[in-house]
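Commentary on secondary and tertiary structure
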Amino acid sequence: MRVYKTADYAAMSRQAANIITSLVVLKPACVLGLATGSTPVGTYEQLIAWNQEGYLSFSQVTTVNLDEYLGLPGTHDQSYRYFMDHNLFDHVDIDKARTNVPNGMAGDVAQECRRYDKLVESLGGADLQLLGMGHDGHIAFNEPCDHFPVGTHLVELDPMTIQANARFFDNDPAKVPTKALTMGIGTILSAKRLLMVVSGGDKAEILARALLGPVTPAVPASALQLHRDVTVVADEAALGVYLQQGGQVC
Ligand code: GLP
């Protein structure tokens, strides 16, 4: 595992965008696993800028997103499809037909989960999966629990996650969907490379537990320790506890 320490959020975003750009330049027809949440927004802004300046092209890239709220159509401004369109896809030269997000409106949820797993498998898995991390250590919507879910599945969101995401729903937790479809930890670990971005002192404790603590489904991001090609790009504030505990950075 490589852990890069950056001065702040802007530098974290630029570093993550550099890593993604290097892959797209080397393999223009790559499969990118993408994430939502506020942390990757700066990374997407940087990728948009470089795309518009002509440094990289997404014209042959295929994307697979991690998760989607159950019951929100892609036109809802808090759906993850809408988030991706507005924060990345609408501003770059990507073919939208090659962008994939689980369908939160699927009538048969179990079938949609199977379809999504087959899709990821048929693409040969992601060449690189971008990840953020929740305050309780969740990745995608894999909440702390007693096992590592393998494939795409339906989850009940933790009250802590609902509370954290209420800021996007008029600060009203009652408006946050209570369920979501998410890639499992197995699907995430099937990516060839993982890139996790983390920012802010409020995640310092959980980041240290994820990177240095025991591998446990109680801290879903700790599963990253099992993968052979993981890069974490985090700002100084997020790495505070990790560094205090002797964690190494590049
Ligand atoms: C949501 C998403 C995760 C994301 C997390 C953290 O729960 N499903 O993929 O990592 O939020 O979001 P943020 O980056 O806003 O802290």
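Scroll up to find the structure this text is about.
The following paragraphs examine the structure supplied in this document. Predicted model only: the values in this text are computed from it and were never measured. (Residues numbered from 1 in each chain as written. Predicted model: local features only at pLDDT ≥ 70, side-chain atom pairs only at ≥ 80, totals over all residues. Heavy atoms only, no water.)

Attention now goes to the site of the ligand. Around the ligand there are 15 residues in total, and Ser38, Thr39, Asp67, His138 and Lys203 lie nearest to it. Residue Asp67 places a side-chain N or O atom 2.8 Å away from a nitrogen atom belonging to the ligand. Within the complex, the protein chains bury 96% of what would otherwise be the 390 Å² of accessible surface of the ligand. A class-by-class count of the residues in the shell around the ligand yields four nonpolar, eight polar and three charged. (Near = heavy atom within 4 Å. Polar contact = N/O pair within 3.5 Å; in protein donor to acceptor, adjacent residues only side chain to side chain. Areas by Shrake-Rupley, 256 points an atom, 1.4 Å probe, with all protein chains shown as cover. Nonpolar A, V, L, I, M, F, W, Y, C, P; charged D, E, K, R; others polar.)

On inspection of all chains with the given rule, the structure shows ten salt bridges. For Glu156, the salt bridge goes to Lys179, with nearest N and O atoms at 3.9 Å. Of this pair, Glu156 sits in strand β7 (residues 153-156) while Lys179 sits in strand β8 (residues 179-182), and the two are 23 residues apart along the sequence. You can call Glu156 exposed: its relative accessible area is 51%. Here the residues in one salt-bridge network are Arg81, Asp85, Asp90 and Lys96, joined through shared partners. (Salt bridge = Lys/Arg side-chain N within 4 Å of Asp/Glu carboxyl O. Helix = DSSP H or I, 4+ residues; strand = E, 2+ residues; numbered from the N terminus. Buried < 20%, exposed > 50% of the residue type's maximum accessible area, 1.4 Å probe, protein only.)

To continue, consider the nonpolar core. If you look at the biggest cluster of nonpolar residues, it comprises 66 residues, and the most contacted ones within it are Leu32, Tyr44, Leu88, Met196 and Leu207. Among the elements that take part in this core, helix α1 (residues 9-26) stands out by supplying seven residues, more than any other. The next biggest cluster of nonpolar side chains, apart from the first, holds eleven residues, and it includes Tyr69, Tyr80, Leu157 and Ala166. (Core = buried A, V, L, I, M, F, W, Y, C linked by side-chain atoms within 4.5 Å.)

Our focus in this paragraph is unusual backbone geometry. Phi angles above zero are rare outside glycine, and Ala140 is one such case at about 55°. Within the secondary structure layout, Ala140 lies in the loop between β6 (128-131) and β7. Positive phi, normally seen in glycine, also occurs at Asn171, with a value near 55°. Inspection of the secondary structure puts Asn171 in the loop between α5 (159-165) and β8. Here Asn171 falls in the exposed class, since its relative accessible area comes to 61%.

Tallied over the entire structure, the rule returns four aromatic pairs. On the numbers, 5.8 Å between centres and 15° between planes, the contact of Tyr80 with Phe141 is stacked. Of this pair, Tyr80 sits in helix α3 (residues 80-87) while Phe141 sits in the loop between β6 and β7; the two residues are 61 residues apart in sequence, bridging distant segments of the chain. Across this residue pair, the class does not change: Tyr80 and Phe141 are buried. In this structure an aromatic cluster arises from ring pairing among Tyr69, Tyr80, Phe141 and Phe169. (Phe/Tyr/Trp six-rings, centres within 6.5 Å; stacked < 30°, edge-to-face > 60°.)

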